[in-house]
Amino acid sequence: MAAAMVSEGDSGSQSWSGVLRGLPGPSSAPCLARATSGTPSSVLRDVPDWACLSQTPSPRPWPHTQACQGPEFWGRHSKCKIGAVWDSWGHVEGSTYRVGMTLGQDWLPWSLLLLSLTCDSHAFYVPGVAPINFHQNDPVEIKAVKLTSSRTQLPYEYYSLPFCQPSKITYKAENLGEVLRGDRIVNTPFQVLMNSEKKCEVLCSQSNKPVTLTVEQSRLVAERITEDYYVHLIADNLPVATRLELYSNREGDDKKKEKDVQFEHGYRLGFTDVNKIYLHNHLSFILYYHREDLEEDQEHTYRVVRFEVIPQSIRLEDIKADEKSSCTLPEGTSSSPQEIDPTKENQLYFTYSVHWEESDIKWASRWDTYLTMSDVQIHWFSIINSVVVVFFLSGILSMIIIRTLRKDIANYNKEDDIEDTMEESGWKLVHGDVFRPPQYPMILSSLLGSGIQLFCMILIVIFVAMLGMLSPSSRGALMTTACFLFMFMGVFGGFSAGRLYRTLKGHRWKKGAFCTATLYPGVVFGICFVLNCFIWGKHSSGAVPFPTMVALLCMWFGISLPLVYLGYYFGFRKQPYDNPVRTNQIPRQIPEQRWYMNRFVGILMAGILPFGAMFIELFFIFSAIWENQFYYLFGFLFLVFIILVVSCSQISIVMVYFQLCAEDYRWWWRNFLVSGGSAFYVLVYAIFYFVNKLDIVEFIPSLLYFGYTALMVLSFWLLTGTIGFYAAYMFVRKIYAAVKID
């Protein structure tokens, strides 16, 4: 069966239609198409016959868009485009090995120690980037990862459905990130040999007998198909992809067609047509290999550089199987698809074929299939937009600091007569109250400590990922690194919280340290535990196992808590922040504020500009999280993060200046809340994304979406609020240190 992809609604007379590249084989099912512009979560629908093109395979060169390739890449950074430098973290030729060499040089003594302790070691590789060489007819193991759907957000392990099983099922040992992602990597019965073709092979066949699905199994398979589940397999750690070829023709002119190749992660479990459900029971694997150059009289070695699949649905009667588990597929389009009736037992064959093709793409660039994006320019537009926002804010700040502040300070420092001193107005008037400790100083310092912890963790993760050390080939490495870094950054969070708590005249440092170590992590753990109970009820692989949950608790109380206490102890003992003016014993009366000084209005005004500087990147992050896409543009993300820090700091300074000019000295909590105002817009965008981009209708998937979104919004508010608070605190100390106070 071949499927096509089209998108409608483009401007002008241009229309798009695309086809899934197929192998010669049976297909009489209607052509299937997508209703939107190629998003994997779109619902399939029927399209006219003109949108379905030939099934003849047409070898294409590997789609490659990266610049500045070659082993000399790292020696000539300045000659490369900045996009190529920052977007090519492992798939640029030579870059992967340079990372390993750099680590080996910087940490040579430790590397030698590890090598000496490992008697079988012959080479040092960065984890996840060591190539595997295959000889002719060597087995290439096909493993299953999970089943995913953007409609339910509930991953399931491969054998939750009645697929054919090998004689012994072996699960791969997984890291923390893989477990949290719901990956359950397991072996499969597919027998694939390097550079060895297979026309048709039957799985789990005993004496030519087809597989019989019980009524319960048939109902489960039908339910998964209607929920748009995708199957994810890997070969040599390379995920399977479904190839989609997009053709554009203007005014119906078939001669002027432009072809664009895109790849969809995994393959669709099945499809529905006219209220009938069909299962993809035949998989046509297309594997590409790169032949390594060797010296004479040496056997050729091969490396897998691409893994595609063409799912097809072929009914039982059209497959001719023999006793040797071989089979014959019908020629042409004379076959009908394999229907699954959920009300009765169903008999079918699970079959597969293997086709090998040689490729010029080298091993280091093989991830380009999944990482090449057709809309990289939009990221540059996002960066330019963000830079414009920052310059706009910088202009406002320059006006305030250069003109207003200098004028204010000059007037305040004049000692002409006493009447000028008696007629003080503006921000100098509250100098005796501006550093008055706020209400609940322990909670404020604890939240800011958690914000520092988040800031350090996010900064290091994005920077390390930008260097290419957390590539998608190392599954779960990003999430594992983030979890451990958050634990170890507790010492910095505790130090900053302890010093601020002492500055705010706090005395119970032990209680403050415990609050810092448990307030934010406790909220996160509580929400995740409640959501995990619902996932457990659905028997999803996304549910965190009980031993993993115990391990996370041990990390929390065994690593993070002691480090927070350690940092809090030294922070509390350190000299508090030196405030330039003394605080009066009697608090000053605050005049009535205007409507635009309302806290919620301030949140709306302060949040729009930082959010505008990063909302385009937010779309791609949401697509990666909720639609099972890969996100790899960490160079752009690092730029956006720096711009976010600058914009949050600037808008926070502007807001606190206006507040002090209105003679309202209660800026501590207000500034923390207002600086995190962009989190409100993230919440609004998340609701918009849920309504317009996702097709989630059930209760539990909706609960999962909004539960995890609440955690994201809370974390983002802590992050931006902390950035804005410390920027405003430094600004307030600077301006009051510049004026003479009697």
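Residues numbered from 1 in each chain as written. Predicted model: local features only at pLDDT ≥ 70, side-chain atom pairs only at ≥ 80, totals over all residues. Heavy atoms only, no water.

**Quick word on the pattern of salt bridges**
Inspection of every chain in the model, using the stated rule, returns 16 salt bridges. With a closest N to O distance of 2.9 Å, R315 and D318 form a salt bridge. Under the relative-accessibility criterion, R315 is labelled partly exposed at 32%. Of the residues examined, D318 reaches a relative accessible area of 13% and is grouped as buried. Residue D664 pairs with R666 through a salt bridge whose shortest N-O separation is 3.4 Å. (Salt bridge = Lys/Arg side-chain N within 4 Å of Asp/Glu carboxyl O. Buried < 20%, exposed > 50% of the residue type's maximum accessible area, 1.4 Å probe, protein only.)

**Let's talk about the packing of aromatic side chains**
All told, the structure shown has 51 aromatic pairs when counted by the stated rule. Note on F271 and Y278: the rings are 5.1 Å apart at their centroids and 25° apart in plane angle, and the pair reads as stacked. Of the residues examined, F271 reaches a relative accessible area of 2% and is grouped as buried. By relative accessible area, which is 11% here, Y278 ends up buried. Summarising the aromatic geometry, the rings of F619 and Y689 are spaced 6.3 Å apart at their centres and angled 65° between planes, so their arrangement reads as edge-to-face. Taken as a pair, F619 in helix α15 (residues 615-626) and Y689 in helix α18 (residues 678-692) lie far apart in primary sequence, 70 residues in all. An aromatic cluster of three or more residues is present, and its members are F600, F611, F615, F619, F620, F622, F680, Y681, Y685, F688 and Y689. Directly above the aromatic system of Y577 lies the positively charged group of R499, at a separation of 4.3 Å from the ring centroid. (Phe/Tyr/Trp six-rings, centres within 6.5 Å; stacked < 30°, edge-to-face > 60°. Helix = DSSP H or I, 4+ residues; strand = E, 2+ residues; numbered from the N terminus. Lys NZ or Arg CZ within 6 Å of the ring centre and 35° of its normal.)

**Describing the state of the cysteines**
If you walk through the whole model with that rule in mind, you get two disulfides. Residue pairing for C164: its cysteine sulfur links by disulfide to C204, the two sulfurs lying 1.8 Å apart. Taken together, the residues span a long stretch of sequence, with C164 in the loop between β5 (142-148) and α4 (176-181) and C204 in the loop between β7 (198-203) and β8 (211-213) at a distance of 40 residues. Its relative accessible area of 5% is what places C164 among the buried residues. Owing to a relative accessible area of 37%, C204 belongs among the partly exposed residues under this scheme. Across a sulfur-sulfur distance of 1.6 Å, C200 and C327 are joined as a disulfide pair. (Disulfide = S-S within 2.5 Å.)

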